[in-house]
Amino acid sequence: CIYCQLGRTTFKTTEIKERISLTEILNELKAFLSALEPNLKLNYITISGSGEPTLNPIIKELILSIKRITPIPVAVLTNSSLLSLEEVRIAVSEANLVVTTFNAVSKEIFEKVNRPHPNIKIEDIILGLINFRNGFKGKIFLEIMVIKGINDSLKEIRKLNVLI
């Protein structure tokens, strides 16, 4: 995305495959949790990363494993690109909070802001978000990045408002 603090993505993919193991993630989390100050309260353990976390097929198992080792609620940050896939919606439905990104309605603005993989279409994201919202029992936050001169026109804001 043009607003990403990590810079431009050099490898775009929609392939769901394990890039980091469940064991590796859980070991790091356990080490972090054991080092926490006893009176420090965390609001969420958040699954995000350098890229889209729903590209990892272990996300459901990861969420469930985190819930087994700690009572801290689990949040997932997603760019919403794979919520059109039922298996992804089912997987992230295990989280307590899902923060979804939605910052454009028109194809032209969507592509300018998100610089997506060619397989990712705004129509699929919209439908995925609607389907996810209709079936998810936890909290959903909708993250909207408004970029001056790109998606901040009254026309684009009105389109976002209608869909939201």
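Before reading further, recall that the structure is shown in the block above.
Residues numbered from 1 in each chain as written. Predicted model: local features only at pLDDT ≥ 70, side-chain atom pairs only at ≥ 80, totals over all residues. Heavy atoms only, no water.

Caption draft 1: Geometry of the overall build of the protein. Secondary structure assignment for the protein yields 6 helices and 4 strands. Secondary structure elements of the protein, listed N to C terminal, follow the sequence α-β-α-β-α-β-α-α-β-α. On C-alpha atoms alone, the protein measures out to a radius of gyration of 17 Å, which is about the 15 Å that the 2.2 N^0.38 rule sets for 164 residues. Taking all 164 residues of the protein together, 38% fall into the buried category. Put simply, 73% of the contacts in the protein that link residues at least 6 apart link residues at least 24 apart. Counting every atom, the protein has about 9,900 Å² of accessible surface; 54% of that belongs to carbon and sulfur. Averaging the positions of the 21 positive and the 17 negative side-chain charges in the protein gives two centres separated by 5 Å. (Helix = DSSP H or I, 4+ residues; strand = E, 2+ residues; numbered from the N terminus. Rg over C-alpha atoms; globule rule 2.2 N^0.38 Å. Buried < 20%, exposed > 50% of the residue type's maximum accessible area, 1.4 Å probe, protein only. Contact = heavy atoms within 4.5 Å. Areas by Shrake-Rupley, 256 points an atom, 1.4 Å probe, with all protein chains shown as cover. Lys, Arg positive; Asp, Glu negative; His and termini not counted. Charge placed at Lys NZ, Arg CZ, Asp CG, Glu CD.)

Caption draft 2: Region of the structure containing helix 4 (residues 107-114). Among the residues of helix 4, those classed as buried are Ile109, Phe110, Val113 and Asn114. For helix 4, the arc enclosing every buried residue in end-on projection is 105°, short of the 170-degree limit, so these residues lie on one face. Its buried side turned inward, helix 4 meets helix 5 (122-135) and helix 6 (154-163). (Arc of directions from axis to C-beta.)

Caption draft 3: Looking closely at the packing of aromatic side chains. The final tally for this structure, using the stated rule, is 1 aromatic pair. Judged by centre distance (4.7 Å) and plane angle (20°), the ring pair of Phe132 and Phe136 falls under stacked. No difference in accessibility class separates Phe132 from Phe136, as the two residues are buried. (Phe/Tyr/Trp six-rings, centres within 6.5 Å; stacked < 30°, edge-to-face > 60°.)

Caption draft 4: Quick peek at helix 1 (residues 22-34). Given a rise of 1.5 Å per residue, 13 residues ought to cover 18 Å, and the 18 Å separating the end C-alpha atoms of helix 1 matches this to within 8%. Every buried residue belonging to helix 1 is among Leu22, Leu26, Leu29 and Leu33, and all of these are buried. Seen along its axis, helix 1 keeps its buried residues to an arc of 60°; they face one direction. With respect to the buried face of helix 1, the exposed residues turned more than 90 degrees away are Thr23, Glu28 and Ser34. (Expected span 1.5 Å × (residues − 1).)

Caption draft 5: The packing of helix 1 against helix 2 (residues 59-69), seen in detail. Interaxial distance between helix 1 and helix 2 falls to 11 Å at its minimum, and their mutual angle equals 30°. Taken together, the axes of helix 1 and helix 2 lie roughly parallel to each other. Here the hand of the crossing between helix 1 and helix 2 comes out right-handed. For the pair helix 1 and helix 2, contact is made by Leu22, Ile25, Leu26, Leu29, Lys30 and Leu33 and by Glu61, Leu62, Ser65, Ile66 and Ile69, respectively. For the contact of helix 1 with helix 2, a count of residues per class yields 8 nonpolar, 1 polar and 2 charged. (Axes fitted to C-alpha atoms, helices over the stretch in contact; angles between N-to-C directions. Parallel < 35°, antiparallel > 145°, perpendicular 65-115°, else oblique. Left-handed = near helix turned anticlockwise from the far one by under 90°. Nonpolar A, V, L, I, M, F, W, Y, C, P; charged D, E, K, R; others polar.)

Caption draft 6: Structural detail: the pattern of salt bridges. Taken as a whole and judged by the stated rule, the model has 1 salt bridge. With its nearest N and O atoms 3.1 Å apart, the salt bridge here joins Glu111 to Lys107. A residue pair is termed a helical-turn pair when its members lie 3 or 4 positions apart in one helix, as Glu111 and Lys107 do in helix 4 at 4 residues. (Salt bridge = Lys/Arg side-chain N within 4 Å of Asp/Glu carboxyl O.)

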